[in-house]
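# Architecture at a glance
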Amino acid sequence: MISNIPTMTKVHNFSAGPGVLPAEVLKEASQAVINFNNLDLSLLEISHRGKDFIDVMEEARSLVKELLGLPSGYSVLFLGGGASLQFGMVPSNLLRANGHAAYVNTGVWASKAIKESKIIGNTKVIASSEDKNFNYIPKGFSIPNDADYLHITSNNTIYGTQYQEFPDCSIPLVCDMSSDIFSRKVDGSKFALIYAGAQKNMGPAGTTMVAVREDLLGKTERKMLTMLDYSEHIKADSMYNTPPVYPIYVSMLTMKWLKNNGGLSWIEKLNNEKAALLYNEIDRNSMFEGTTEIEDRSKMNVTFVLKNAALEAEFAKWAKEANLSGLPGHRSVGGFRASLYNALPIESVQALVDVMRAFEAKLG
Ligand SMILES: *Cc1c(COP(=O)(O)O)cnc(C)c1O
């Protein structure tokens, strides 16, 4: 078993987002609110154009490149507007006026991305798992080689499914990694564009990371608002306007924490152990069952139900008494969802497993 990650409180935080952050990050982040870099000033009251914040921004941008293994030719941005704004910015910047975009629909977030792309231009849904309430990842679909890009959602936060392998793709691959960014090793160079809202697995709410291959930009022949244009943000080193300074700072600290502990191979191993511990119990325990196809199970968001739905409220009560927080499932799936983001210690997963066992012993 890999060493404990200390958290701030005795509460086991399974929140789907905003999610758990490492205690040492929260501590350092709280100090920066009072006195940042021994300036006797708060990070919240200094210019974003001064050296102290520019250093934060540049470190955050370079940590993304390092963790994702991005070769040269990519730019990293930290923008506002959430991952939801990227649903519209991606087609605005990549979907040519006479071209079309291909999307895979794997749930609520993918559907929202498709909705925005349809507003911008010709958008085709080439595969979907809607027929089974999004409980699997479509596979073996053919990708049109004349599309401007293929958009996928690597991890479906609500339904608890995750691509274990990414599609082989000759057109630019765009990926919403909001809920599993930095959770495992990925070959960043496979992707033309990666975006992720920070608040699931990278930092607090308020900023969205975008990594984009620069050679794909400027080809749409479409007028764009300046704030929606990646090229403008790249030209301004991600400071076209006042960036969300604090979420960027805390994201930078979280990436530094990740890197200093051993990077993505370290966290992938730990995340695999956490997910195996919980899924093994779901499969062993006579009272529970998973809600997704086994081969597509997410290692970040574990969805499960009680076989006897009448006992749901009782289990929720047991969980609450054991200080397990954030477990109720999304309203569109029901049941329970345990989010096992990077900063959640394996001891928290063990605490959940212990409650499931005790529940079975008493009521099974
Ligand atoms: C949470 C989430 C979003 C939405 O993020 P916002 O920052 O709230 O806009 C988009 N995609 C995925 C996969 C998510 O989990």
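Please read these numbers as outputs of a predicted model, since none were measured by experiment.

### What to know about the domain arrangement of the protein
Split by domain assignment, the protein resolves into domain 1 (25-261) and domain 2 (263-363). Each of domain 1 and domain 2 was reduced to a C-alpha centroid, and the two centroids are 28 Å apart. Every contact between the two is made by 27 residues of domain 1 and, on the other side, 26 residues of domain 2. Counting each side, the surface lost to burial between domain 1 and domain 2 is near 2,300 Å², with a carbon and sulfur contribution of 53%.

### Thoughts on the sheet that holds strand 8 (residues 173-176)
Strand order in the open sheet formed by 7 strands is 2-10-9-8-5-3-4, and the pairing between neighbours is mixed. Of all strands in the sheet, those bounded by a partner on one side alone are strand 2 (74-79) and strand 4 (122-128). When strand polarity is set aside, the average angle formed by the axes of neighbouring strands in this sheet is 20°. When strand 3 (residues 100-105) meets strand 4, the two strands line up parallel, connected through 6 bridges. Bridging from a neighbouring strand, Val-104 pairs with Ala-127 of strand 4. Each of strand 2, strand 3, strand 8, strand 9 (193-197) and strand 10 (208-213) is contacted by helix 3 (residues 82-94), which is oriented at about 160° to strand 9, the strand it contacts most.

### So, the site of the ligand
Every one of the 13 residues lining the ligand counts as a neighbour, but Ser-84, Thr-157, Asp-176, Gln-199 and Lys-200 are closest to it. Between the ligand and Trp-109 there is a distance of 3.5 Å, counted from an oxygen atom to a side-chain nitrogen or oxygen. Measuring from an oxygen atom of the ligand, one finds a side-chain N or O atom of Gln-199 at 2.9 Å. Protein contact buries 88% of the 390 Å² of open area that the ligand shows by itself. Among the elements that make up the shell around the ligand, the one with the highest residue count is helix 3 (4 residues). The residue makeup of the shell around the ligand, split by class, is 3 nonpolar, 8 polar and 2 charged.

### A word on the sheet that holds strand 14 (residues 336-339)
Strand order in the open sheet formed by 3 strands is 11-12-14, with antiparallel pairing between adjacent strands. Across the chains shown, the open sheet's two edge strands, defined by having one partner strand only, are strand 11 (288-290) and strand 14. Averaged over all pairs of adjacent strands, the angle between strand axes in this sheet comes to 35°, irrespective of strand direction.

### Quick notes on the packing of aromatic side chains
Counting across every chain of the model gives 15 aromatic pairs. Ring geometry for Phe-288 and Phe-304: centres 5.9 Å apart, planes at 65°, overall edge-to-face. You can see Phe-288 sitting in strand 11 and its partner Phe-304 sitting in strand 12 (residues 301-306), a full 16 residues away along the chain. Phe-304 carries the same exposure label as Phe-288, and that label is buried. Both rings, one in Phe-288 and one in Phe-315, keep their centres 5.0 Å apart while their planes meet at 70°; by these two values the pair is edge-to-face.

### Some words on empty space enclosed by the protein
It is a probe the size of a water molecule, rolled over the atoms, that shows where empty space is left. A complete count under the given rule lists 3 cavities of 30 Å³ or more for this structure. Space inside the largest cavity adds up to approximately 50 Å³. In terms of lining, the largest cavity is formed by Val-20, Leu-21, Pro-22, Lys-200, Asn-201, Met-202, Gly-203, Thr-254, Trp-257, Tyr-341, Asn-342 and Ala-343. Broken down by class, the residue content of the lining of the largest cavity amounts to 7 nonpolar, 4 polar and 1 charged. Two domains each put at least three residues into the lining of the largest cavity: domain 1 (25-261) and domain 2 (263-363).

Cut-offs used in this document
- Residues numbered from 1 in each chain as written.
- Predicted model: local features only at pLDDT ≥ 70, side-chain atom pairs only at ≥ 80, totals over all residues.
- Heavy atoms only, no water.
- Domains from an automatic or database assignment.
- Contact = heavy atoms within 4.5 Å.
- Buried area = accessible area lost by both parts, 1.4 Å probe.
- Pairing = 2+ DSSP bridges.
- Helix = DSSP H or I, 4+ residues; strand = E, 2+ residues; numbered from the N terminus.
- Axes fitted to C-alpha atoms, helices over the stretch in contact; angles between N-to-C directions.
- Near = heavy atom within 4 Å.
- Polar contact = N/O pair within 3.5 Å; in protein donor to acceptor, adjacent residues only side chain to side chain.
- Areas by Shrake-Rupley, 256 points an atom, 1.4 Å probe, with all protein chains shown as cover.
- Nonpolar A, V, L, I, M, F, W, Y, C, P; charged D, E, K, R; others polar.
- Phe/Tyr/Trp six-rings, centres within 6.5 Å; stacked < 30°, edge-to-face > 60°.
- Buried < 20%, exposed > 50% of the residue type's maximum accessible area, 1.4 Å probe, protein only.
- 1 Å grid on protein atoms, 1.4 Å probe; cavity = no way out; pocket = protein on both sides within 12 Å on 5 of 7 lines; lining within 4 Å.
- Points joined across faces, edges and corners; volume = space filled by probe spheres on them.

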